[in-house]
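# An overview of the molecular structure
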Amino acid sequence: MSEAAESVPAASTTSVRRSRDVPLLVERARTGDPRAVARLITLVEKGDPLLPEIAAVLAPYAGQAQVVGLTGSPGVGKSTTTNELVRALRARGHRVGVLAVDPSSPFTGGAILGDRVRMQDHATDPGVYIRSMSSRGHLGGLAAATPQAVRVLEGAGCDVVLVETVGVGQAEVEVASLADTTLVLLAPGMGDAIQAVKAGILEIADVFVVNKADRDGVDATVRDIQGMIALGERGPGQWRPQVVRAVAARGEGIDDIAAAVDKHRGWLVEHGELRRRQEARAAAEIEAIALGALRARIGSLRDGTELSTLAAKVAEGAMDPYAAADTLVSQLG
C-alpha cells in the first residue's frame, strides 16, 4: 500500500488525486489504493471543510488497528528501528501504516520529510503505507493532524500503525496519548541515561529500547534504566516497562521488540486498559476539535469591536482580564 506501490491508469489517478467524493475515497482506500489514502490524509492535514464528513465515514473502523508510538532523542535510530519493525510485521502478514513526523522550519514552515527516504526498502510493498508529516510548529513531537491520519490508516485496513515522533527531547510525550504501546528509544554514549529518561519520558514508556547495543556502555545504560523503573511506584498487576536491547541497523533485537509489544498488548486487553486508552484518545480528539472550533469563533470576534473594547478596558484598569474573558466567552453562547 506504499504510495508508489500500485499502478493505476492515468485517468483514475487524476480522479482520485482531485476527488472530493469521500465515500469513494474511503472505499478505494480500503481496497489498498495508496493514492486514495494519500488524498484523504492530505485533506486531513489541510483541515479541509470535508474533514467532518471524512471522520463520519471512517468512524465505523475506529479502534481496529494497533497503534505503536516510537519516540526518543535524535540519532537513537528511530527510523531504522521503524523500518525493521515494518519488516517483522510484514513477515507476520500484517498490513502496516507508518506516520513519520518531521520537524518543520520555524522560518519557512517547510520540512525535509527524510524519514520516508530511510524506509525505501518498503516502497514497492502494497502492504505498507508510509507517510511523512510536517509538525508545522505543533509541540509534543507530533503533527496536529496525526490523530485523524491514524483514523485514515485504520479505515484503510492497516492492522498496525507505527507513529514515529519528531525526536526533539524530553518534552516529547504527546505520543503516549495517541498510542496503545509507546516505545522509548535510547542509545549508549548519548549522555547520562538518567538524563534521557527523566521529565516525563519514564512515565510514558511501555517498552524501553536500548538501540545501538553494540556500543560501549550498553550495560550501564540498561542498568540505569532498570534502576529508574525499580524506583517507580506501581500497584499489583500494573505494567512494568520492559527493557530490550537492539542493533536495528543489523536487524538484531527486532523480534525481541515485537515480542515486548505483543506482551504489552496482551496486558492491555487482559486488564481492560486498551479500551481505557482508546476512550482517553477519543476524549483528547473531541477536546482538540472543540477547542479548535472555539478558537475559530474567538478569532471571528476580532473582526468586530467587542474584543477591542474589552482589551481597552483591561488596559486602562477598568476591568480585570478574567471578567473580560468571561464576557467574551458569553458572546460565544
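Note that the structure is a prediction, hence the values are computed from the model and not measured.

## Looking at the overall build of the protein chain
Of regular secondary structure, the protein chain possesses 15 helices and seven strands. Per-residue burial for the protein chain yields a buried fraction of 45% across its 333 residues. Taking contacts inside the protein chain between residues at least 6 apart in sequence as the whole, the part at least 24 apart equals 73%. As displayed, the protein chain offers around 16100 Å² of accessible surface, 54% of which is attributable to carbon and sulfur atoms.

## Quick word on helix H2 (residues 22-30)
Buried within H2 are the following residues: Val 22, Leu 25, Val 26 and Ala 29. Taken around the axis of H2, the buried residues stretch over an arc of 95°, which confines them to a single face.

## A short note on the environment of Val 67
Relative to the helices and strands, Val 67 is located in strand S1 (residues 66-72). Among the residues examined, Val 67 registers a relative accessible area of 0% and is labelled buried. Leave out the neighbours within four places in its chain, and Val 67 touches Val 150, Val 161, Val 163, Leu 178, Ala 179, Asp 180, Thr 181 and Arg 281.

## Re the pairing of strand S7 (residues 242-245)
Two strands pair when backbone bridges link them, and strand S6 (residues 207-210) and S7 are joined in this way by four bridges, in the parallel orientation. Bridge assignment links Val 207 to a residue of S7, and that residue is Gln 242.

## Quick look at the nonpolar core
With 30 residues, the main nonpolar core has Val 37, Ile 41 and Leu 153 as its most contacted residues. Of all the elements in the fold, those that place two or more residues in this core are H2, helix H3 (34-45), helix H4 (51-58), strand S3 (128-134), helix H7 (146-155) and strand S4 (160-164). Among the elements that line this core, the one with the most residues is H3, at seven residues. Formed by 25 residues, the second largest nonpolar core is a distinct cluster that contains Val 96, Val 98, Val 128 and Ala 248.

## What to know about the pattern of salt bridges
For the coordinates displayed, the defined rule picks out 15 salt bridges. With a closest N to O distance of 2.7 Å, Arg 131 and Glu 45 form a salt bridge. With Arg 131 in strand S3 and Glu 45 in helix H3, this pair connects stretches of sequence that are 86 residues apart. Here Glu 45 falls in the buried class, since its relative accessible area comes to 16%.

## With respect to the sheet that holds S6
Read across the open sheet, the seven strands follow the order S3-S2-S4-S1-S5-S6-S7; overall the sheet is parallel. With one partner strand each, in any of the chains shown, S3 and S7 form the two edges of the open sheet. For this sheet the average axis-to-axis angle between neighbouring strands, irrespective of direction, equals 20°. Set on the sheet, H7 makes contact with S1, strand S2 (96-102), S3 and S4; between it and S2 the angle comes to about 160°. The strands touched by helix H11 (residues 218-231) within the sheet are strand S5 (181-186), S6 and S7, with S7 carrying the most contacts at an inclination of about 170°.

## Considerations on the packing of aromatic side chains
On inspection of all chains with the given rule, the structure shows one aromatic pair. Taking the centre distance of 6.0 Å and the plane angle of 50° together, the rings of Trp 239 and Trp 267 count as tilted. Of this pair, Trp 239 sits in the loop between H11 and S7 while Trp 267 sits in helix H12 (residues 254-270); the two residues are 28 residues apart in sequence, bridging distant segments of the chain. Across the pair, exposure class does not vary: Trp 239 and Trp 267 are buried alike. Over the ring of Tyr 61 we find Arg 30, and its NZ or CZ is 4.0 Å from the ring centre.

## Topic: the side chain of Asn 211
Checked against the element boundaries, Asn 211 lands in the loop between S6 and H11. The residues touching Asn 211, leaving out its near neighbours within four places in the chain, are Val 76, Gly 77, Thr 81, Leu 186, Ala 187, Pro 188, Ala 246, Val 247 and Ala 248.

## What about the environment of Gly 72?
With respect to the element layout, Gly 72 can be found in strand S1. Sequence separation between Gly 72 and Val 166 is 94 residues, and the spatial gap between their C-alpha atoms is 8.5 Å.

## What about the confidence of the model for the protein chain?
Any residue range with low pLDDT should be treated as having predicted coordinates unsuitable for detailed reading. In this model, the protein chain carries a mean pLDDT of 82, and residues with pLDDT of at least 70 account for 79%. Across the protein chain, the secondary-structure element scoring lowest on mean pLDDT is helix H6 (residues 115-118), at 52, and the one scoring highest is H12, at 97. Here residues 104-115 is modelled with pLDDT under 50, and outside its nearest four sequence neighbours on either side it reaches 25 contacts, counting other chains as well. Every residue in residues 137-141 scores below 50 in pLDDT, and together they form 14 contacts with partners more than four places removed in sequence or on other chains.

## Looking at unusual backbone geometry
Its identity is not glycine, yet Lys 212 carries a phi of approximately 55°, on the positive side. Within the secondary structure, Lys 212 sits in the loop between S6 and H11.

## Points about the side chain of Thr 182
Counting through the fold element by element, Thr 182 comes out in strand S5. Excluding residues within four positions of it along the chain, Thr 182 makes contact with Gly 69, Thr 71, Val 175, Ala 176, Ile 204, Ala 205, Asp 206 and Val 207.

## A short note on the pairing of S4
Across the five residues that make up S4, a large majority, five, are buried. By the alternation rule, side chains of S4 split into Val 160, Leu 162 and Glu 164 and Val 161 and Val 163, which are all buried. In terms of strand pairing, S2 meets S4 through five bridges, oriented parallel. Counterpart to Leu 99 in the pairing with S4 is Val 163.

Thresholds applied
Residues numbered from 1 in each chain as written. Predicted model: local features only at pLDDT ≥ 70, side-chain atom pairs only at ≥ 80, totals over all residues. Heavy atoms only, no water. Helix = DSSP H or I, 4+ residues; strand = E, 2+ residues; numbered from the N terminus. Buried < 20%, exposed > 50% of the residue type's maximum accessible area, 1.4 Å probe, protein only. Contact = heavy atoms within 4.5 Å. Areas by Shrake-Rupley, 256 points an atom, 1.4 Å probe, with all protein chains shown as cover. Arc of directions from axis to C-beta. Pairing = 2+ DSSP bridges. Core = buried A, V, L, I, M, F, W, Y, C linked by side-chain atoms within 4.5 Å. Salt bridge = Lys/Arg side-chain N within 4 Å of Asp/Glu carboxyl O. Axes fitted to C-alpha atoms, helices over the stretch in contact; angles between N-to-C directions. Phe/Tyr/Trp six-rings, centres within 6.5 Å; stacked < 30°, edge-to-face > 60°. Lys NZ or Arg CZ within 6 Å of the ring centre and 35° of its normal. pLDDT = per-residue confidence, 0-100.

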